[in-house]
Amino acid sequence: MIPAPTGATRLYVIVGDPIAQVRSPAGVSAEFAARGHDGILVPVQVATADLPNFLSVANRLKNLDGIVVTIPHKFACYQACASATDRAHFLRTVNLMRRRADGAWHGDMVDGLGFLGAARVKGIDPRGMRALLVGAGGAGSAIALALVEGGVRELAIHDSAAERRDALIGRLNDLGKAPVRPGAIDPAGFDFIANATPAGMKDGDPFPVDVTRLAPSAYCGCVITKPEISPFIVEARKLGCVTATGTDMYQQHQSIMVDFLLGADRSR
């Protein structure tokens, strides 16, 4: 049970647009309580044009200790951080910000850890696999890095924004690990398919990949939390694929998020 907030309760917000789909306010607030921390996470919906004003106000809220960042603000919020983990610097994006002792923000990007954690809970180790990632935005770039560091044999990335995709591919190839190349919506021949786009959140959205080309042996993961089971995952399950939903990802993500917000980094 989450205790009722008081004037001493420390405030954390999750910022995005839209925001109704997020699952973290209740879970993170409950995790704070379980750890004996008097804090609460609340959602705030902020349009892109209003983000600078929001961050200006956030800087002045003396009881605001952390910000969780969701679409479409992850790249812009990185620019607001005075410091960040190596991972966030590499990706130039954050999904977590915590207040430093001097009042400035320290950031991290842990979407990739949550996504691969969900796969591993399902018995899937990406090491040696051929992976296809759809989406090179904030979450997608973090998943791409996690897959490369997780030992995939090859990574193909598809994104409608070719410039963003190619910039990410270039940085990943500079690591000298798995070869990374442009991909397409055809999942044939891939062992690991990751959807890091919003495709499926709205009725009538196209599938992120050509689901008629999925192999039953392929693992399919998705970042979407609303609907609970995205149309892509529905089709993958019909074929017998091992799958993980955005909620599965979030369940792995939650303890990582709280660790960071309370001052412990799991990473570089």
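Definitions and cut-offs
- Residues numbered from 1 in each chain as written.
- Predicted model: local features only at pLDDT ≥ 70, side-chain atom pairs only at ≥ 80, totals over all residues.
- Heavy atoms only, no water.
- Helix = DSSP H or I, 4+ residues; strand = E, 2+ residues; numbered from the N terminus.
- Rg over C-alpha atoms; globule rule 2.2 N^0.38 Å.
- Buried < 20%, exposed > 50% of the residue type's maximum accessible area, 1.4 Å probe, protein only.
- Contact = heavy atoms within 4.5 Å.
- Areas by Shrake-Rupley, 256 points an atom, 1.4 Å probe, with all protein chains shown as cover.
- Lys, Arg positive; Asp, Glu negative; His and termini not counted.
- Charge placed at Lys NZ, Arg CZ, Asp CG, Glu CD.
- Pairing = 2+ DSSP bridges.
- Phe/Tyr/Trp six-rings, centres within 6.5 Å; stacked < 30°, edge-to-face > 60°.
- Lys NZ or Arg CZ within 6 Å of the ring centre and 35° of its normal.
- Arc of directions from axis to C-beta.

A. Examining the overall build of the chain more closely. What the chain contains, in helices and strands, is nine helices and twelve strands. Computed over C-alpha atoms, the radius of gyration of the chain comes to 18 Å, within 12% of the 18 Å expected from 2.2 N^0.38 for 268 residues, which places it in the range of a compact globule. Once the C-alpha set of the chain is aligned to its principal axes, its extents read approximately 55 × 40 × 35 Å. Considering the chain as a whole, with its 268 residues, one finds that 52% of them fall into the buried category. A separation of at least 24 residues holds for 68% of the contacts in the chain among residues at least 6 apart in sequence. Taken as a whole, the chain presents about 11,600 Å² of accessible surface, with 55% of it coming from carbon and sulfur. Charge separation in the chain, taken as the distance between the mean sites of 28 positive and 26 negative side-chain charges, equals 2 Å.

B. Just the pairing of strand β3 (residues 64-69), in detail. Taken across its six residues, β3 has six buried, putting it largely inside the fold. Note that strand β1 (residues 10-16) and β3 share five bridges and pair parallel. Bridging from a neighbouring strand, Val15 pairs with Val69 of β3. Relative to strand β5 (residues 96-99), β3 is paired through three bridges, and the arrangement is antiparallel. By the bridge assignment for β5, Gly66 is matched with Arg98.

C. Spotlight on the packing of aromatic side chains. Enumeration according to the criterion identifies three aromatic pairs in this entry. Here the aromatic rings of Phe115 and Phe192 are separated by 6.3 Å at their centres, their planes lie at 50 degrees, and the arrangement is tilted. Of this pair, Phe115 sits in helix α5 (residues 111-121) while Phe192 sits in strand β10 (residues 192-195), placing them 77 residues apart in sequence. For Phe115, a relative accessible area of 2% gives the class buried. Taking the relative accessible area as the measure of exposure, Phe192 reaches 0% and is therefore buried. Clustering of aromatic rings is evident, with ring pairs tying together Phe115, Phe192 and Tyr219. Above the plane of the ring of Phe260 lies Arg98, whose end atom (NZ or CZ) is 4.4 Å from the centre. Over the ring of Phe90 we find Arg171; its NZ or CZ atom is 5.8 Å from the centre of that ring.

D. View of helix α8 (residues 231-239). Inspection of α8 places Phe232, Ile233 and Ala236 among the buried residues, and these make up the whole buried set. Each buried residue of α8 sits inside an arc of 90 degrees when the element is viewed along its axis, so together they form one side. Of the surrounding secondary structure, the elements contacted by the buried residues of α8 are β10, β11 (219-222) and β12 (242-244). Following α8 by one or two positions, Gly240 adopts a phi angle in the positive range, close to 95 degrees.

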